[in-house]
Structures are given as C-alpha cells and as structure tokens.
Amino acid sequence: MRHYPCQRCDNRLFFDNTLCLVCHSELGWCPGCHALVTVDLQPDGRYRCVDDTCATLLVKCHNYSVEGVCNRMITSEEADRGMTLCDCCRHNQAIPDLSVPGHRERWAKLESAKRRLFYTLDLLGLPHEVDGRRANPPLAFAFLADEVAAEGDWHSSDEGMPVFTGHAGGLITINVKEADDVERERLRNDFNEAHRTLIGHFRHEIGHYYWELLIKNRDEPACIEVFGDHNNPSYSEALDRHYQQGPPNDWRGRFVSAYATMHPWEDFAETFGFYLDMVAILDTAGHFGITPTGFDEDLEAMLTTFRRLSLGFNEMNREMGLLDLVPEVITPTIACKLCYIHDMVLAARRQQ
Ligand SMILES: [Zn+2]
Ligand SMILES: [Zn+2]
Ligand SMILES: [Zn+2]
Ligand SMILES: [Zn+2]
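Residues numbered from 1 in each chain as written. Chains lettered and ligands numbered in written order. Predicted model: local features only at pLDDT ≥ 70, side-chain atom pairs only at ≥ 80, totals over all residues. Heavy atoms only, no water.

A.B. asks: Hey, could you run me through the nonpolar core in this one?
C.D. replies: It is characteristic of soluble globular proteins that their nonpolar side chains tend to be buried jointly. With 81 residues, the main nonpolar core has I206, Y210, F268, F272 and Y275 as its most contacted residues. In terms of residue count, the dominant contributor to this core is helix α5 (residues 198-215) (10 residues). With near-sequence residues (within four places) excluded, Y210 lies in contact with L121, L126, P127, H128, I215, F272 and M344. (Core = buried A, V, L, I, M, F, W, Y, C linked by side-chain atoms within 4.5 Å. Buried < 20%, exposed > 50% of the residue type's maximum accessible area, 1.4 Å probe, protein only. Helix = DSSP H or I, 4+ residues; strand = E, 2+ residues; numbered from the N terminus. Contact = heavy atoms within 4.5 Å.)

A.B. asks: So what exactly am I meant to see when it comes to the UniProt feature "domain: Zinc-ribbon" (unreviewed entry) in the protein here?
C.D. replies: Under the local residue numbering, the UniProt record ascribes the feature "domain: Zinc-ribbon" (unreviewed entry) to residues 4-99. With 9% helix and 30% strand, residues 4-99 has its two end C-alpha atoms placed 35 Å apart. (UniProt positions renumbered as here; feature names shortened; annotations may be inferred.)

A.B. asks: Explanation requested: the coordination of the zinc ion (ligand 3) in the structure shown.
C.D. replies: Geometrically, a metal with four donors at the corners of a regular tetrahedron has ideal angles of 109.5 degrees, and one with six donors at the corners of a regular octahedron has ideal angles of 90 or 180 degrees. Coordination of the zinc ion (ligand 3) by the protein is provided by C61 (SG), C70 (SG), C86 (SG) and C89 (SG), with metal-donor distances spanning 2.3 Å. If you list the donors of the zinc ion (ligand 3) from N- to C-terminus, the spacing comes out as C-x8-C-x15-C-x2-C. Residue C70 is located in the loop between α1 (62-65) and β7 (73-75), and its partner C86 is located in the loop between α2 (76-80) and β8 (92-94); the two are separated by 16 residues in the primary sequence. When its relative accessible area of 4% is taken as the criterion, C70 is described as buried. (Donors = N, O, S within 2.8 Å, 3.2 Å for Na, K, Ca; no water.)

A.B. asks: Explanation requested: unusual backbone geometry in the structure shown.
C.D. replies: Among all residues save glycine, negative phi is the norm, and among peptide bonds the norm is trans. Following N232, the chain continues into P233 via a peptide bond in cis, with omega recorded as 5°. Not every positive phi belongs to a glycine, and D10 is a case in point at roughly 70°. Accessibility expressed as a relative area gives 59% for D10, which makes it exposed. A positive phi angle is found at A55, which is not glycine, with a value near 50°.

A.B. asks: What should I look at first to understand helix α6 (residues 220-227) in this one?
C.D. replies: Note that an α-helix has 3.6 residues per turn; residues three or four places apart therefore point the same way. Taken residue by residue, α6 has E220, C223 and F227 as its buried positions. Within α6, the buried residues cover an arc of 60° as seen down the axis, which keeps them to one side. Among the exposed residues of α6, those oriented more than 90 degrees off its buried face are P221 and E225. Remark: G228 follows α6 within two positions and exhibits a positive phi of approximately 100°. (Arc of directions from axis to C-beta.)

A.B. asks: Looking at this model, I keep getting lost on the sheet that holds β8. Mind explaining?
C.D. replies: Hydrogen bonding along the main chain pairs the strands of a sheet, whether they run parallel or antiparallel. Pairing in this open sheet of four strands is mixed, and the strands run β8-β11-β13-β12 from one edge to the other. Of all strands in the sheet, those bounded by a partner on one side alone are β8 and β12 (166-168). Strand-to-strand twist of the sheet, defined as the mean angle between neighbouring strand axes without regard to direction, takes the value 25°. Sheet topology note: the strand β11 (residues 140-144)/strand β13 (residues 171-175) ladder contains five bridges and is parallel. In the strand pairing of β13, F141 is matched with I172. The sheet contacts of α5 involve β11, β12 and β13, and relative to β12 the element is tilted by about 20°. (Pairing = 2+ DSSP bridges. Axes fitted to C-alpha atoms, helices over the stretch in contact; angles between N-to-C directions.)

A.B. asks: Mind showing me how you'd approach helix α10 (residues 332-351) here?
C.D. replies: Helix length check: α10 (20 residues) gives 29 Å between terminal C-alpha atoms against 28 Å at 1.5 Å per residue, within 8%. Of all the positions in α10, only I334, A335, K337, L338, Y340, I341, H342, M344, V345, L346 and A348 are classed as buried. Among the structural elements, α3 (103-124), α5, α6, α8 (264-287) and α9 (299-319) are those in contact with the buried residues of α10. (Expected span 1.5 Å × (residues − 1).)

A.B. asks: Which parts of the structure should I look at to understand the coordination of the zinc ion (ligand 4)?
C.D. replies: At 2.0 to 2.1 Å from the zinc ion (ligand 4) lie its protein donor atoms, namely H204 (NE2), H208 (NE2) and E266 (OE). Going along the chain, you hit the donors of the zinc ion (ligand 4) in the pattern H-x3-H-x57-E. Here E266 lies in helix α8 and H208 lies in helix α5, a separation of 58 residues in the sequence. Of the two residues, H208 and E266, neither departs from the other in class, the shared state being buried.

A.B. asks: Explanation requested: the sheet that holds strand β5 (residues 47-49) in the structure shown.
C.D. replies: One open sheet accounts for five strands, arranged β3-β4-β5-β6-β7; its pairing is antiparallel. The open sheet has two free edges, formed respectively by β3 (26-30) and β7, since each of these has just one partner strand. Taken pair by pair, the neighbouring strands of this sheet meet at an average axis angle of 50°, ignoring direction. Bridge analysis of β3 against strand β4 (residues 35-41) gives five bridges, and the strand direction is antiparallel. Residue C30 lies in a different strand from β4, and its bridge partner there is A35.

A.B. asks: I would appreciate a short explanation of the domain arrangement of the protein in the present structure.
C.D. replies: Quite often, the size of an interface is put as the accessible area lost when its parts meet. Here the protein is partitioned into domain 1 (4-86), domain 2 (87-208) and domain 3 (219-352). Placing the centre of domain 2 and that of domain 3 at their C-alpha centroids yields a distance of 21 Å. Taken together, the contact pairs 17 residues of domain 2 with 23 residues of domain 3. Here domain 2 packs against domain 3, burying approximately 1,800 Å² in sum over the two surfaces, 66% of which is carbon and sulfur. By the criterion of area lost to domain 3, the three top residues of domain 2 are L124, R203 and H204, representing 34% of everything that side buries. (Domains from an automatic or database assignment. Buried area = accessible area lost by both parts, 1.4 Å probe.)

This is the structure:
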C-alpha cells in the first residue's frame, strides 16, 4: 500500500491511520481525492478536505465516528441524502454481534482488509457500484460467527451452526474466526496452505463475484477453454471428490494452489486472487521506487517485473523465517490463466 503525506506537517501517513502522530490532525479517506487526507473540523461539525484543489465538505462514515472500525469519509451531499456509510461499509449486509468479547477487534481487522480490497478494485477500475447504483448482482458482505454453543465461547463448536466462508449471488460471507490469528494459522496448517490471510479471503471471494458479474452468460465458452468446464463435473461432485481424493499429484505448474484443482470456479477465484496479490504488490513496489512502474496494461511487463521481485522478496522472507511472499510459480499455463483475467479486467476497466 502507498503512503500519503500529512498536508499539515508532511509526516508520512499509513492507509489505516485516523490521526497524524506528529501534528495530531484528524485524517480520513476523501472520496474526492481518493486518498488519505488531513481533514479540518468545521463549526457545524462537518469536515473539510484540506487539499486546496479538492476542499470537499465531508462527514465521517458512521463506522468511523461511532464504531471506530473505519477511516473513510462521505461527502456532505451524500450525508444530506441520508447516507451514513462510506463506499466500503455500505456493502455490509451483516456485521458480527458486538456484544461478544473480541468481535469488535475482529470486525476492525475485516474492515481493514476490505478497504485494501476496494483500493485495488478502484485502482483496476473494476465495477462494484455503477453510477451510484448497485451493480447487478449487488455486492454485499456478511461477517458472521459460528453459532455459540457454550456460554461465552465464540469458537466453532460441533453443537452450533457453522458459518462457511464463501460467495453466493453477490454475497460474500466471511467467518469472523478468520480474523483470529491463532485460529486462522491452525486452519492454514490443517489445510496445508502456503498462505491463509484475511486479505487473501477477500481477493478469492471477489473472484467468484466477478465471475458472476462479468463472465456468467457473457463469456463462458472462452472461460471454459482456459479453466475447464464448470458444468461438468458439477460443483458438489467436484467438492466430494476433492475432499475424498485430494489434489492430483502433478497440480503444481498447472494451478496456483491445491484448492484451485477442486473445480474450474475455484481455479478462477484462486487465480483472480493471485492476480490481485500481484497488482497490489506491484502498486506498492512502484510507489516506493522499487520497480519503475506499478500496474501496467502490458501483462508481460508486469509478469517480468513480478517474477524478479518475488525471487528477491521470497529470499528476504526466508532470511527472517517467514513464509514466502509469493509461493506461486508462474508457469506458461498459469500465465495463460492470468492473461484471461487481465483481459477481463481491461475490458471492464474500459467500460467504467
Ligand atoms: Zn501531520
Ligand atoms: Zn479531498
Ligand atoms: Zn466506512
Ligand atoms: Zn471459492
């Protein structure tokens, strides 16, 4: 992620900041600047973006001013129309039960990851709201916990109803326990995954959303040529087979992860998530001058830079005993899948 300068004192601001730690100015993500900016409190309780060329009158998102899990602003006009939530928070259909200890902290982590997701979607020009109207299907999020079985125990239990992280008809559900570091690492080990992160869940599930928005009934034959036939076998048959037999031994080289071998829809979502990883890493590297550019319409140029960058950063992580930053190896087959996704993104970008 980029850094932003404090307009009052030029201190470096981080994407999730709400206050400048040097001059104590209040901060907020301005929808006019599409950046984290210093905001000035006005006598009527509203704020003004201090960027001279913007100077938009702003109001804090309800989840910022009241709940403390957001740092985005909405415009004064949006507030006058009765809007209370920012462009990220207004997609929430369900939030965790905040009376449960620990849920607010986990919700804050989920929102932080979601804001990063939206930053990348906007960087790519992918639709999630069209001219202020909801895209069809509308994009929504539900952050839910497994049904509590024992008093005060929010952890999953055989007796309660489990919540499955997934996507259906535009609704992305994420189990709140994924925001618990210990629980998530345990699941990563159980499933033998190279990575398991909150941002990774968002990037995977949004891949299912874009399949439905941009591929379904539009480009299915071409998608089948690259990812395989999603109608045969059916999803439930593929799911059963995957959990009985596991991935084929030779999956590396053809798929970005073992899970991607389960069904063409999962292959698409895993590859889409990996594409967003790459774009986010290159955007950050470009901003810090590590690479000459960030996102590039030329996929080959992006892949060349990304391959070189991954080798270096994997070694740095190994020096620190961390997981590889980029465990995936981009073979020609995987590059072909990325190429399909890149072309889909560029087409959607031109339509925006
Ligand atoms: Zn400052
Ligand atoms: Zn502004
Ligand atoms: Zn918000
Ligand atoms: Zn999936």
